[in-house]
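Report on the structure
Listed below are the residues making up each chain.
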Protein chains: 2
Amino acid sequence: MGISAIGIDLGGTAVKIGLVDRFDGLVEQVQLDTEADEGPEHVINRLAEGVRLMQSHAFAPVSGIGVGAPGSVDWERTTMRYPPNFPAWGVVNVAEGLRKRVDIDGPIIVENDANVAGLGSAFFGAGQPFDSFLMVTLGTGVGGAIIHNKKLFRGTTGAAGEFGHLSIDYAGPPNRSGTTGSIEAYLGQRFLSRYARYRLLRNPDTLLHQTAGEDMEDLTPKLLFEAAQAGDVAAQEILAWAGHKLGRGMGSLVNVLDIRKVVVGGGVSAAGDFILEPARKALLDGVMPGLRDGVELVQETLGNQVGMLGAASLAFAYLDEQDSTRTPAP
Amino acid sequence: MGISAIGIDLGGTAVKIGLVDRFDGLVEQVQLDTEADEGPEHVINRLAEGVRLMQSHAFAPVSGIGVGAPGSVDWERTTMRYPPNFPAWGVVNVAEGLRKRVDIDGPIIVENDANVAGLGSAFFGAGQPFDSFLMVTLGTGVGGAIIHNKKLFRGTTGAAGEFGHLSIDYAGPPNRSGTTGSIEAYLGQRFLSRYARYRLLRNPDTLLHQTAGEDMEDLTPKLLFEAAQAGDVAAQEILAWAGHKLGRGMGSLVNVLDIRKVVVGGGVSAAGDFILEPARKALLDGVMPGLRDGVELVQETLGNQVGMLGAASLAFAYLDEQDSTRTPAP
């Protein structure tokens, strides 16, 4: 067993805390209810308990803690800002809260969960072979991260990588924030479900009338995948439609970033090739000919461990940087 | 006078060679015909002559040479690859060719001209106040560069920044390379001229029937600007249409890169606020609310000196990197 860190995947309903070995990956883990509505103090106390439990499993002092958190995180990577699904949290310095409660000699770093997924993929997942890649997470919303030369590209304030807000149609449908034709307006769960519902309501030939109710109010991406897998052509066509939009956005971004690898993770990616095959084709069609060599779209394989592994990777990446004596301490 | 470098702006018809002081900017310059059809040896000989002339004006040894060149340049930044408008050039190592011919103790760096414009803006132009910005050059085509923390973001092969190939409409018109709805398919000179011609052919109220010929075969962006400036409403509307497309592309990219400053240069940007005012509005509309603080679009002010200044900046940037002892010599 080599150098290890603790990775915390802080979600709105559940928190996963893992002891992660740099080379062997996830060694121990515990899952708790977040209990976000009990407030930040309560939740950070729970995180600290989990950290101590993981420390008790470690053979040597752990070298740092990483936290993947939803929503916006500040540039210094200590503080969550108005996280969605954390009622009344406002601005919370999670790193400082943990630092007070746990005995650890090393960095404590908080980062946006999509960025954490990208780093997890780069260190432990499908992104390992690539120096640079675009991470796309298909979940309730569409998130993303840009990994460039094995590091997170963070932009000006740490918010870079919001692939879900890339627009592929300036006159397209609005998303939650009002921007038009963004990838999220096609592939976000609510948007995809709504599109499928309208498209299928008058189609009596689809299985989904049985599984999603006659008026299809219960239609979800999951039901779409199941129907597609059962051979339902209408469901397959809708997933292909979504995959096409996804690929077009990726191709557009490949042209601008000259980053030719894409890793897709998150729940919706479980639809696999029903979405990803059309996405691959649209991706290549959208890339200018001079950049097509080496373009590749692969699926993340880490499943829901990616959050813990990626969070621990925040600490590993920090320590790598320290080795090259460049970055100030967080 | 401080540290100086020689900047070469190698265009298809003319080459500009300047002696550039790190702090005072352009000190001396000479312009030659490129004579590209005489072949690479001939042209590199002419470049070397120009370099020697500039050296003769320098009070101290110049510290390097930068070359801005059209088309694709290799990752090592020595070699032009199949440059457009350089008949039968193929693959030409310009840096090596110059190194053999001139007596200079310092880097010789070749870089794509849009990237050079970005660096020139960062060191000497409208980009100086910004740590990170998106450079957009509106010329015959639409080029671009990403400056991140005062450095060029080069992607995987050095081709990053092709803003003209960002798509804003997956079902939009194809550009030269066949990708659809790219910024260049709206704002490239030929595309903009063609759009304006079709839109105006049956509009008898526009000045352009007089300046661009009855069938408008001679319509150019320049004639459009002149008509707009003379108060022609039809011409103004077309430029606003183009500006709107431009801004939408910028907004989309701001969301993904979290880089909130945009500098626009190149010939077409001479249309100024007829294009840039609508672009500013569309840019803000396209940026997600959480990233709108500090979004800014400014016009480059260096005019056609930006090529020489940017090329010399390649050498300055290289020397800065050397100071921080990180990058291998080119």
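Description of the structure in this document. (Residues numbered from 1 in each chain as written. Chains lettered and ligands numbered in written order. Predicted model: local features only at pLDDT ≥ 70, side-chain atom pairs only at ≥ 80, totals over all residues. Heavy atoms only, no water.)

**Quick notes on the overall build of chain A**
Here is the rule: Counting from the N terminus, the helices are DSSP H or I runs at least four residues long and the strands are E runs at least two residues long. Note on method: radius of gyration uses C-alpha positions; expected globular size equals 2.2 Å times residues raised to 0.38. In this scheme, a residue with accessible area under 20% of its type's maximum is buried, one over 50% is exposed, and one in between is partly exposed, where area comes from a 1.4 Å probe on protein chains only. Contacts were defined at the residue level, with two residues in contact if any of their heavy atoms lie within 4.5 Å.
Along chain A, the regular secondary structure elements total 10 helices and 13 strands. Computed over the C-alpha atoms, the radius of gyration of chain A is 20 Å, within 12% of the 20 Å expected from 2.2 N^0.38 for a compact globule of 330 residues. With respect to the principal axes defined by its C-alpha atoms, chain A has extents near 60 × 50 × 35 Å. Going through the 330 residues of chain A one by one, you find that 59% of them count as buried. Of the contacts formed within chain A by residues at least 6 apart in sequence, a portion of 61% connects residues at least 24 apart.

**Notes on the sheet that holds strand β12 (residues 261-265) of chain A**
Residues and elements named next belong to chain A. This is how the line gets drawn: Here a strand pair is declared whenever DSSP counts at least two bridges between the two strands.
Taking strand neighbours across the sheet as the criterion, the five strands line up as β11-β10-β9-β12-β13 in an open arrangement whose pairing is mixed. Two strands bound the open sheet, and with one partner strand each, they are β11 (151-152) and β13 (296-299). As judged from the four bridges shared by β12 and β13, these two strands associate in the parallel manner. Bridge pairing in β13 links Val-262 to Leu-297.

**Things to note about the side chain of Thr-137 of chain B**
All names here are of chain B. With respect to the secondary-structure elements, Thr-137 resides in strand β9 (residues 133-138). A relative accessible area of 16% places Thr-137 in the buried class. Apart from residues no more than four positions distant in its own chain, Thr-137 is found in contact with Ala-114, Ala-117, Val-142, Gly-143, Gly-144 and Gly-265.

**Some points on the relation of the copies chain B and chain A**
Definition in use: Overlaid copies result from least-squares superposition on C-alpha atoms, with residues included only where pLDDT is at least 70 in both.
Each copy superposes on the other: chain B lies on chain A with an RMSD of 0.0 Å after a rotation of 180° and an axial shift of 0.0 Å. Expressed as an axis order, the relation between the two copies is that of a two-fold axis. Distance from the rotation axis, computed per C-alpha, reaches its smallest value in chain B at Asp-169 of chain B: 2.1 Å. Residue by residue, 100% of the interface of chain B is reproduced at the interface of chain A, so both copies engage with the same surface.

**As for the nonpolar core**
Most often, soluble globular proteins keep nonpolar side chains buried together rather than apart. Let me state the cut-off plainly: Residues enter a nonpolar core if they are buried and are Ala, Val, Leu, Ile, Met, Phe, Trp, Tyr or Cys, with the set joined through side-chain atoms within 4.5 Å.
By size, the foremost hydrophobic cluster in this structure holds 102 residues, and its most contacted members are Phe-163 and Leu-246 of chain A together with Phe-163 and Leu-246 of chain B. In this structure, Phe-163 of chain A is in contact with Leu-134, Val-136, Val-142, Gly-143, Gly-144, Ile-183, Leu-246, Gly-249, Met-250 and Leu-253 of chain A together with Val-256 of chain B, ignoring residues within four places of it in sequence.

**What about the packing of helix α5 (residues 189-200) of chain A against helix α8 (residues 233-257) of chain A?**
A packed helix pair is summarised by two numbers, namely the angle formed by the two axes and the spacing between the axes. Residues and elements named next belong to chain A. Filter applied, for reference: Fitted lines through C-alpha atoms serve as axes, helices being fitted only where they are in contact, and the angles separating the N-to-C directions of these axes extend from 0 to 180 degrees. Working definition: roughly parallel below 35 degrees, roughly antiparallel above 145 degrees, roughly perpendicular at 65 to 115 degrees, and oblique for all remaining angles. Should the near helix be turned counterclockwise from the far one by less than a right angle, the crossing is left-handed, whereas a clockwise turn marks it as right-handed. Here the nonpolar group is Ala, Val, Leu, Ile, Met, Phe, Trp, Tyr, Cys and Pro; Asp, Glu, Lys and Arg are the charged ones; every other residue, Gly included, is treated as polar.
Relative to each other, α5 and α8 sit at 135°, their axes nearing to 11 Å. Classified by the angle between their axes, α5 and α8 sit oblique to one another. Our pair here, α5 against α8, has a crossing hand that is right-handed. Side by side, α5 and α8 meet where Leu-192, Tyr-195, Ala-196, Arg-199 and Leu-200 of the first sit next to Ala-234, Glu-237, Ile-238, Trp-241 and Ala-242 of the second. Here the contact of α5 with α8 is composed, by residue class, of eight nonpolar, no polar and two charged.

**Quick notes on the pattern of salt bridges**
Defined as follows: The salt bridge criterion pairs a side-chain nitrogen of Lys or Arg with a carboxyl oxygen of Asp or Glu, the two atoms within 4 Å.
A complete count under the given rule lists 32 salt bridges over all chains for this structure. The salt bridge involving Arg-260 of chain B is made with Asp-258 of chain B; its shortest N-O contact spans 3.0 Å. Side by side, Arg-260 of chain B and Asp-258 of chain B carry an identical accessibility label, which is buried. Overlapping salt bridges, with partners in common, bring together Arg-77, Glu-111 and Arg-154 of chain A in one network.

**What about the pairing of strand β12 (residues 261-265) of chain B?**
All names here are of chain B. For clarity, the cut-off: Orient the strands so they point away from the viewer; a crossover is then right-handed if the path from the first strand over the helix to the second runs clockwise.
For β12, the tally of buried residues reaches five of five residues, placing the bulk of the element in the interior. Covered by surrounding structure in β12 are Lys-261, Val-263 and Gly-265 together with Val-262 and Val-264, the residues of both alternating faces. Direction of pairing for β9 relative to β12: parallel, over a ladder of four bridges. In the sheet register, Val-136 faces β12, and the bridge partner there is Val-264. Traced from β12 through helix α9 (residues 273-286) to strand β13 (residues 296-299), the parallel crossover comes out right-handed.

**Points about empty space enclosed by the protein**
Gaps left between atoms are located by rolling a probe of water-molecule size over the structure's atoms. The condition is simple: A pocket, in this scheme, is an open set of points on a 1 Å grid over the protein atoms alone with protein on both sides within 12 Å along at least 5 of 7 lines, while a cavity is a set where a 1.4 Å probe fits but cannot get out; residues line either one if an atom lies within 4 Å of a point. Grid points are joined across faces, edges and corners, and a volume is the space filled by probe spheres set on the points.
A full pass over the atoms with the stated rule returns one cavity of 30 Å³ or more. Around the largest cavity, the lining residues are Ile-168, Arg-248, Ser-252, Asn-255 and Gly-286 of chain A together with His-165, Ser-167, Tyr-170, Thr-179 and Thr-180 of chain B. The dominant element in the lining of the largest cavity, judged by the number of residues it contributes, is α8 of chain A, at three residues. In the lining of the largest cavity, the residues fall into two nonpolar, seven polar and one charged.

**As for the interface of chain B and chain A**
Selection rule: Note on terms: buried area is the combined drop in 1.4 Å-probe accessible area of two parts once they are placed together, counting the loss on both. Polar contact is defined as a pair of N or O atoms within 3.5 Å, subject to the rule that within protein one atom must be able to donate a hydrogen and the other to accept it, and that residues adjacent in sequence are counted only when both atoms are side-chain atoms.
Listed by partner, the interface residues are 42 residues for chain B and 42 residues for chain A. Counting each side, the surface lost to burial between chain B and chain A is near 3400 Å², with a carbon and sulfur contribution of 60%. A per-residue breakdown of the area chain B buries against chain A is headed by Phe-153, Tyr-170 and Val-256 of chain B, which together make up 21% of the total. Linking chain B with chain A are zero salt bridges. Linking chain B to chain A there are 24 residue pairs in polar contact (both at pLDDT 80 or more). For the side of chain B that touches chain A, the secondary structure elements donating two or more residues are β10 (142-148), α8 (233-257) and α9 of chain B. Broken down by element, the side of chain B that touches chain A gets its largest block of residues, eight residues, from α8 of chain B.

**Brief notes about the packing of aromatic side chains**
All names here are of chain A. Short version of the rule: Centre distance within 6.5 Å is the pairing criterion for rings of Phe, Tyr and Trp, where only the six-membered ring of Trp is used; planes under 30 degrees apart are then read as stacked, over 60 as edge-to-face, and the remainder as tilted.
Evaluated as defined, the whole model comprises 13 aromatic pairs over all chains. Arranged with centres 3.5 Å apart and planes meeting at 5°, the rings of Tyr-195 and Trp-241 form a pair that is stacked. Taken together, the residues span a long stretch of sequence, with Tyr-195 in helix α5 and Trp-241 in helix α8 at a distance of 46 residues. Owing to a relative accessible area of 17%, Trp-241 belongs among the buried residues under this scheme.

**What to know about helix α7 (residues 221-229) of chain B**
Residue and element names in this part refer to chain B. Those residues of α7 lying buried are Pro-221, Leu-223, Leu-224, Phe-225, Ala-227 and Ala-228. Turning to α7, the residues buried within the fold contact α5 (189-200), α6 (208-211), α8 and α9. Looking one or two residues past α7, Gly-231 carries a phi angle of roughly 95°, positive in sign.

**Comments concerning α5 of chain A**
Residue and element names in this part refer to chain A. Selection criterion: A helix's residues, less one, multiplied by 1.5 Å, set its expected span.
Counted at 1.5 Å a residue, the expected span for α5 with its 12 residues is 16 Å, and the 16 Å between its end C-alpha atoms agrees. All of the buried residues along α5 are Phe-191, Leu-192, Ser-193, Ala-196 and Leu-200. In the core, the buried residues of α5 are packed alongside α4 (184-187), α6 (208-211), α7 (221-229) and α8.

**Observations regarding the sheet that holds strand β1 (residues 4-10) of chain B**
In a beta sheet, neighbouring strands pair by backbone hydrogen bonds and run either parallel or antiparallel. Residues and elements named next belong to chain B. Ordered by their spatial adjacency, five strands build an open sheet running β3-β2-β1-β4-β8, and the pairing between neighbours is mixed. With one partner strand each, in any of the chains shown, β3 (25-33) and β8 (108-112) form the two edges of the open sheet. Between one strand axis and the next, the sheet turns through 20° on average, direction left out of account. Strand direction decides the pairing type here: strand β4 (residues 65-69) and β8, joined by five bridges, are parallel. The residue bridging Val-67 from the neighbouring strand is Val-110, located in β8. Along the sheet, helix α2 (residues 94-101) contacts β1, β4 and β8; its crossing angle with β8, the most-contacted strand, is approximately 150°.

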